[in-house]
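# Descriptive structure summary
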Amino acid sequence: MSLPVPVVWSEDCLRHDPAGEVWLGLREPGTEIPARALVLRDALVAAGAPVTAARQHDDTVLRRVHDPALLDHLASVWADWEAAGLPAEYGRDRVVPYVFPTSGMVAGLPLRTPPAVHGRAGLYCYDTMTLVGPGSWAAIRGAADAAQTAADLVSSGSPVAYALCRPPGHHATRSAYGGSCYLNNAAVAAEALRVAGAARVAVLDIDAHHGNGTQMIFWDRADVWYGSLHVDPGAGWFPHYAGYPDERGTGPGAGFTRNVPLLPGTGDDGWLAALGELCAEAAGYAPDAVVVSLGLDAAAADPESPLRVTEAAYRAAGQRVAALGPAVLVQEGGYDLGSLGAYAVATLEGAASP
């Protein structure tokens, strides 16, 4: 039986090779690798899903979501790093920040842009895990184009479309990147839906980690509702500083953010109960379209989270979120190569039969 959900794909998503991450001071192999995208694509093709090539877009939507300075930085930082001799002369083969202009450091001073590329890297990146290499920008743009193309399909009448985005995006804020995310693909999809005429968009984030970037981007807006279920950051999980229940938005966006943190070890019942809370609140918002930050890292075998969710629960999640309205599913996390494809297929099967 064919899977009637278009899979939007850009070959450029394979060009990003972070070559590991620096975590707690040591460089490690990392799990956000190109093979993730191939496993997902191949499993969905085998299930009969049609593949649609991502269409290139201009920067209009990206610049509504992100500070243009962040876009300019990501587009040029590798070339600047290389021109400074950091790979050839110092063996620094990826862009890794080492100093960050936190409020504790620069409080009360003008925020400057350092001329040295190794100094300004920390102006735009908030952790040491999110490395940039020679093919990164092409992949970052390819992922954003995939998200926007999927939104275009839904705006044109498709009930559901899936953007196979890599690198992921929901940790990227308006002006900074981190958490293996560079541009916020889910926010790009939501903004593209708004531009195309959707008056209200609901973003449901079912990644195992809180989407602090998406929350921040829509924090003070009433036209995009954001809801997330995720492992409790208070239990020691990334992003540590965001994702708590009392974060509800501000100004016009007050009440349009909802977080449901979960205890480590939560399985299907608790996870689906939390999703039910979010879906009920989102339904009350009466969205014209839905964006799903589809993290598959709540899977029981995933190395990056302590949640224990099965394929069956992801299939049910696909049904529930697609029942809310026309839906764009945007790939986020998911790192266990052995189970990743099956979880994606299960979710899209559910979304195809809400």
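Structural notes, computed from the coordinates. Computed from a predicted model, the values in this text were never measured in an experiment.

## A word on the nonpolar core
Counting 52 residues, the largest nonpolar core has Y162, L204 and W271 as its most contacted members. Considering every element that reaches this core, the biggest residue donor is helix α10 (residues 268–285), with 8 residues. Apart from residues lying up to four places away in sequence, Y162 is in contact with V5, P6, V7, V8, L40, L44, A150, L294, L329, Q331 and L348. Formed by 51 residues, the second largest nonpolar core is a distinct cluster that contains L86, C165, Y177 and V224.

## As for helix α11 (residues 311–322)
With 12 residues, α11 should reach 16 Å at 1.5 Å per residue; the first-to-last C-alpha distance of 17 Å fits that figure. On its buried face, α11 is in contact with β6 (201–205), α10, β9 (289–294), β10 (327–331) and α12 (340–351).

## Details of the pairing of strand β5 (residues 160–163)
Alternating residues of β5 divide into V160 and Y162 and A161 and A163, and every residue in both groups is buried. Note: strand β1 (residues 7–9) against β5, 2 bridges, orientation parallel. Residue pairing in the sheet places V7 in a bridge with Y162 of β5. Pairing of β5 with β10, which is carried by 4 bridges, proceeds in the parallel orientation. By the bridge assignment, A161 is partnered in β10 with V328.

## A closer look at the environment of T250
Examined against the element boundaries, T250 turns out to sit in the loop between β7 (224–231) and β8 (257–262). Considering only alpha carbons, one finds T250 and F218, 32 residues apart in sequence, at a separation of 9.7 Å. Setting aside residues no more than four positions away along its own chain, T250 makes contact with W219 and D220.

## Observations concerning helix α6 (residues 117–124)
For an α-helix the count is 3.6 residues per turn, leaving residues at separations of three or four pointing the same way. The buried count for α6 comes to 7 of 8 residues, which makes it a mostly enclosed element. When we look at burial in α6, the residues that qualify are V117, G119, R120, A121, G122, L123 and Y124. Tucked inside the fold, the buried residues of α6 contact α3 (68–83) and α4 (86–90).

What counts as what
- Residues numbered from 1 in each chain as written.
- Predicted model: local features only at pLDDT ≥ 70, side-chain atom pairs only at ≥ 80, totals over all residues.
- Heavy atoms only, no water.
- Core = buried A, V, L, I, M, F, W, Y, C linked by side-chain atoms within 4.5 Å.
- Buried < 20%, exposed > 50% of the residue type's maximum accessible area, 1.4 Å probe, protein only.
- Helix = DSSP H or I, 4+ residues; strand = E, 2+ residues; numbered from the N terminus.
- Contact = heavy atoms within 4.5 Å.
- Expected span 1.5 Å × (residues − 1).
- Pairing = 2+ DSSP bridges.

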